[in-house]
Amino acid sequence: FRIANLVVAVLMIIIAIVFFTWSSFPRIMLGIYEIVFGVWIIMFEVAEMAWLKKYVEFMFTWRGRGIFYVFIGCLTLGTKAIGWIFGSVITGIGAAYVVL
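What counts, and at which threshold
Residues numbered from 1 in each chain as written. Predicted model: local features only at pLDDT ≥ 70, side-chain atom pairs only at ≥ 80, totals over all residues. Heavy atoms only, no water. Phe/Tyr/Trp six-rings, centres within 6.5 Å; stacked < 30°, edge-to-face > 60°. Helix = DSSP H or I, 4+ residues; strand = E, 2+ residues; numbered from the N terminus. Buried < 20%, exposed > 50% of the residue type's maximum accessible area, 1.4 Å probe, protein only. Patch = residues over 30% accessible without salt bridge, like charges linked within 9 Å, V, L, I, M, F, W, Y side chains within 5 Å. Areas by Shrake-Rupley, 256 points an atom, 1.4 Å probe, with all protein chains shown as cover. Salt bridge = Lys/Arg side-chain N within 4 Å of Asp/Glu carboxyl O. Contact = heavy atoms within 4.5 Å.

### Topic: the packing of aromatic side chains
Inspection of the entire model under this criterion finds eleven aromatic pairs. Between phenylalanine 37 and tryptophan 40 the ring centres are 5.9 Å apart and the planes differ by 40°, which places this aromatic pair in the tilted class. Of this pair, phenylalanine 37 and tryptophan 40 both sit in helix α2 (residues 25-46), three residues apart, which is roughly one turn of that helix. Accessibility expressed as a relative area gives 19% for phenylalanine 37, which makes it buried. The buried category is assigned to tryptophan 40, whose relative accessible area is 16%. Centre to centre, the rings of tryptophan 40 and phenylalanine 68 are 5.5 Å apart; their planes meet at 85°, and the pair counts as edge-to-face. Of this pair, tryptophan 40 sits in helix α2 while phenylalanine 68 sits in helix α3 (residues 62-76), and the two are 28 residues apart along the sequence. On the accessibility criterion, phenylalanine 68 (9% relative accessible area) is buried. In this structure an aromatic cluster arises from ring pairing among Tyr33, Phe37, Trp40, Phe44, Phe58, Phe60, Trp62, Phe68, Tyr69 and Tyr97.

### Remarks on a nonpolar patch on the surface
On the surface, a cluster of nonpolar side chains totalling about 590 Å² of accessible area is made up of Phe20, Phe25, Met29, Ile32, Tyr33 and Val36. When residues of the nonpolar patch are assigned to their parent elements, the largest contribution, five residues, is made by α2. Topologically, isoleucine 32 is positioned in helix α2. The exposure class of isoleucine 32 is partly exposed, given its relative accessible area of 40%.

### Quick look at the environment of glycine 38
Mapping glycine 38 onto the fold places it in helix α2. When the C-alpha positions of glycine 38 and leucine 11 are compared, they lie 8.1 Å apart, and in sequence the two are 27 residues distant. What glycine 38 contacts, discounting residues up to four positions off in sequence, is Ala9, Met12 and Ile13.

### Some points on the pattern of salt bridges
Overall, the coordinates contain two salt bridges when judged by the stated rule. Arginine 65 is paired through a salt bridge with glutamate 45; the nearest N and O atoms lie 2.8 Å apart. Here the residue arginine 65 occupies a position in helix α3, and glutamate 45 occupies one in helix α2, the gap between them amounting to 20 residues. For arginine 65, a relative accessible area of 8% corresponds to the buried category.

Below is the structure:
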């Protein structure tokens, strides 16, 4: 499951960079959120962050992480093909986590 989480994080960072090239203010702001959340997910997977658990307990449960991924995946869905592809993958992984 760590691989799936890292895939989500990498996809989020890649689509954020793409959002910056679309140069509309809402997409740039969304890109900033995507980068922050992508780095945040990588930090959860790479480092033991027990001190942070009390603030973001949902990231340590299947359902909570799944709902978060579905939310991010829906934000990623865009008008261009790459947004739809990456958003669908992230939403699919999130839906799988919710079912688990």
